[in-house]
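Residue strings, one per chain:
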Amino acid sequence: MTRLAALVALLVSWELASRARWVDPFLLPAPSAVGSVLYELARTGHVWVHFRVTVWEAVAGLVLGTAVGAVLGLASATFRPLAEVVEPAMALLNAVPRVILAPLFVIWLGIGVASKVALSFLLVMVVMFFATYTGVREVDPRLVERVRTLGGGRRDVVREVYVPSVSAWVASGLKVAVGFAFTGAVVGEFVASSQGLGYLLSFAQSTYNAALTLALIALVVAVILLLFWGFGRLERWWLRWKPEYRRRRRQPVPVPAGRLPEPAEQL
Amino acid sequence: MRALQVCGLGVRYGQHRVLEEVDLELAEGEFVGLVGPSGCGKSTLLRCAAGLLRPDRGQVTVFGRPIAGPSPEVGILFQDDALLPWRTARENVALPLRLRGLSGREARQEAEVWLRRVGLEGYGDHYPAELSGGMRKRVALAQVLAAQPRLLLMDEPFASVDAIVRHLLEVDLLRFVTEAGIAVLLVTHDLEEAISLSDRVMVMSAGPAARIVGVHAVPFRRPRDPVAVRAEPGFGPLVEAVWRALRAEVARMGWELTA
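Cut-off values and rules
- Residues numbered from 1 in each chain as written.
- Chains lettered and ligands numbered in written order.
- Predicted model: local features only at pLDDT ≥ 70, side-chain atom pairs only at ≥ 80, totals over all residues.
- Helix = DSSP H or I, 4+ residues; strand = E, 2+ residues; numbered from the N terminus.
- Rg over C-alpha atoms; globule rule 2.2 N^0.38 Å.
- Buried ≥ 20, exposed ≤ 12 C-beta atoms within 10 Å, placed from the backbone.
- Contact = placed C-beta atoms within 7 Å.
- Pairing = 2+ DSSP bridges.
- Axes fitted to C-alpha atoms, helices over the stretch in contact; angles between N-to-C directions.
- Parallel < 35°, antiparallel > 145°, perpendicular 65-115°, else oblique.
- Left-handed = near helix turned anticlockwise from the far one by under 90°.
- Nonpolar A, V, L, I, M, F, W, Y, C, P; charged D, E, K, R; others polar.
- Domains from an automatic or database assignment.
- pLDDT = per-residue confidence, 0-100.
- Core = buried A, V, L, I, M, F, W, Y, C linked by C-beta atoms within 7 Å.

**Some details on the overall build of chain A**
Looking only at helices and strands, one finds eleven helices and zero strands in chain A. Secondary structure elements of chain A occur, N-terminal to C-terminal, as α-α-α-α-α-α-α-α-α-α-α. Compactness check: chain A gives a C-alpha radius of gyration of 25 Å against a globular reference of 18 Å for 267 residues, more than 25% above the reference. By principal-axis analysis of the C-alpha atoms, chain A measures approximately 90 × 50 × 30 Å. Looking at the 267 residues of chain A, the share that counts as buried comes to 32%. Taking as baseline every contact in chain A between residues at least 6 positions apart, the subset at least 24 positions apart corresponds to 71%.

Below, the structure written as structure tokens:
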């Protein structure tokens, strides 16, 4: 509630500052001006073509990156020699800003959708690789032992311990990956493209159209926030057993009276 | 037939000899307490008996069969309650039943019965993180007992719970294993706990190359109340006797002991 009030206050003062010409509306247009650009974009339907392209690229990168990252992560965690090759490569990719590869993808794959999917894929893949790789390695050996001593075989151990344990890591990885998927798509378009929100942004920048730039930024932020919220909900449900996602109504648990023997029984 | 027979057991980690020439026997339905200085290899011995660790020398047989890995006849309760955090209390207790081939519904029904037996009726839908330490212990106990073992191996099972809850758990445990005729090997630091629950108490020597150095018969018959038994006249002298044996071993580890 406080945050909402602060946001409203910021927007109002921004609007006033812009109208009173304390700031140059050419550099920082008022929220109402940005809003009307957004409205125009939506009304003419012109933006939807670009919007669809970007979302498509991001989703394709997310799905492919998650699949490949997860498979590589699982394979590396179970097969030592593979890890020795793959893990340092992933660590390197993780350490450098991966978007520097964007120009290379344009040369290799052209200015079409493929180079954006590739960049998005790369960003997501590294995150998901580490999520699954660490997920498998961080499995609690006590739980494995527990299932084994209760009569479980290999498959039971995988089903009861590995799958839930790794999926917890994957769930948190996915939330990060969604943002990365869009970063990859938009940055890729920014470098070279003929359509997409990144292309529109680049166009707005080259024509010094601050209102359009802000409107597009708002649009991308809104989409990512929506996806964040969605994945956050999914994560909360999936990891409902975790104390931090504990359902409120369950919080204080009274200790039941227990099985104290009757005094007569005791003596 | 012996519930557990350990013959000439030897375990080493690299150059370090942990256990050497350990012999011990548990009759069917017998409750044996095992005490020893910390780090002497009690837990290692227990892991060998559980089939989780392959000894370098000697033999472990459970109900007449050489052990080669975890067996459904052997239940294990260690200090850390390793309940599956993503499963509710009921599902955790149902797990060994499902692993034995019961359908999900049957397993959940029987799990509910076990939860009631350990005083956790109505807590079946709670996740382990929603339960107190003592309650988690009870779930773990129900889980192990639901698997219907004939031999129960316990390593400081109640070390992390407070004294009151601990007494309640001891009362429950002793009643269950006495009724079901389960043999128990209990590793503990707590002499009084060992004596109040066991039929015999064994003392292990200080490591390295730890062995069993003394066996004390406990004269109190079961069923008995492990809390009330502490008031029996023979209890104090027995604690004293076991303590003396243990103290000799602790002294070997370099502790300066006075009086």
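Right, picking up where we left off after that structure.
**Things to note about the overall build of chain B**
A count of helices and strands for chain B gives seven helices and ten strands. The C-alpha atoms of chain B give a radius of gyration of 18 Å, which matches the 18 Å a tight globule of 259 residues would have. Taking the principal axes of the C-alpha coordinates as reference, chain B spans close to 55 × 40 × 35 Å. Relative to its full complement of 259 residues, chain B shows a buried share of 49%. Long-range contacts, defined as pairs at least 24 residues apart, comprise 69% of the intrachain contacts of chain B with a sequence gap of at least 6.

**Considering the pairing of strand 4 (residues 57-62) of chain B**
All names here are of chain B. Sheet topology note: the strand 1 (residues 2-13)/strand 4 ladder contains five bridges and is antiparallel. Residue pairing in the sheet places Leu-4 in a bridge with Val-62 of strand 4. With two bridges joining them, strand 4 and strand 5 (residues 65-66) adopt antiparallel strand pairing. Of the residues in strand 5, the one forming a bridge with Val-62 is Arg-65. Linkage of strand 4 to strand 5, two consecutive antiparallel strands, is achieved through a turn of two residues, within which Phe-63 is found at a positive phi near 50°.

**Overview of the sheet that holds strand 9 (residues 200-204) of chain B**
All names here are of chain B. The sheet built from six strands is open, its strands ordered 6-7-8-3-9-10 with mixed pairing. Two strands close off the open sheet at either side, each with one partner strand: strand 6 (74-77) and strand 10 (212-217). Put simply, the sheet's adjacent strands are angled 15° from each other on average, direction ignored. Seen against the sheet, helix 4 (residues 133-146) touches strand 6 and strand 7 (151-155) and runs at an angle of roughly 170° to strand 6.

**A closer look at the packing of helix 2 (residues 89-99) of chain B against helix 4 of chain B**
All names here are of chain B. Running from amino to carboxyl end, helix 2 crosses helix 4 at an angle of 20°, the nearest separation of the two axes being 7 Å. One finds that helix 2 runs roughly parallel with respect to helix 4. Viewed along their axes, helix 2 and helix 4 form a crossing whose handedness is right-handed. On helix 4, the residues touching Ala-89, Asn-92, Val-93, Leu-95, Pro-96 and Leu-97 of helix 2 are Val-139, Ala-142, Gln-143 and Ala-146. Classifying every residue of the contact of helix 2 with helix 4 by side-chain character gives eight nonpolar, two polar and no charged.

**Observations concerning the domain arrangement of chain B**
Residues and elements named next belong to chain B. With domains assigned, chain B is organised as domain 1 (1-73 + 161-259) and domain 2 (83-148). Of the residues lining the interface, seven residues belong to domain 1; the matching set on domain 2 comes to eight residues. A per-class count over the side of domain 1 that touches domain 2 returns six nonpolar, no polar and one charged.

**Side note on the confidence of the model for chain A**
All names here are of chain A. Averaged over every residue, the pLDDT of chain A is 83; residues scoring 70 or more account for 92%. Element-level pLDDT for chain A is lowest in helix 11 (residues 263-266), with a mean of 34, against a maximum mean of 92 in helix 6 (residues 113-137). Confidence drops under a pLDDT of 50 for residues 248-267, and excluding neighbours within four residues, the segment shows 24 contacts in the predicted structure.

**Topic: the sheet that holds strand 2 (residues 16-27) of chain B**
Residue and element names in this part refer to chain B. Taken together, the four strands give an open sheet; going across it, the order is 2-1-4-5, and neighbouring strands pair in antiparallel fashion. Each edge of the sheet is formed by a strand with only one pairing partner; in this case those strands are strand 2 and strand 5. Contacts from helix 1 (residues 42-50) reach strand 1, strand 2 and strand 4, with the element oriented near 125° to strand 1.

**Some words on the nonpolar core**
Grouped together as the largest cluster of nonpolar side chains are 89 residues, with contacts concentrated most on B:Ala49, B:Leu153, B:Val184 and B:Leu185. It is helix 4 of chain B that provides the largest number of residues to this core, a total of eight residues. Looking at which domains feed residues into this core, each of domain 1 (1-73 + 161-259) and domain 2 (83-148) of chain B supplies at least three. With near-sequence residues (within four places) excluded, B:Leu185 lies in contact with B:Leu4, B:Leu26, B:Val32, B:Leu34, B:Leu46, B:Ala49 and B:Leu153. Formed by 50 residues, the second largest nonpolar core is a distinct cluster that contains A:Leu122, A:Tyr133, A:Leu212 and A:Leu216.

**Re the packing of helix 3 (residues 46-78) of chain A against helix 6 of chain A**
Residue and element names in this part refer to chain A. Contact geometry of helix 3 with helix 6 gives a least axis separation of 6 Å together with a crossing angle of 35°. The two elements helix 3 and helix 6 cross, and the hand of that crossing is right-handed. Residues that form the contact of helix 3 with helix 6 fall into these classes: 22 nonpolar, eight polar and three charged.

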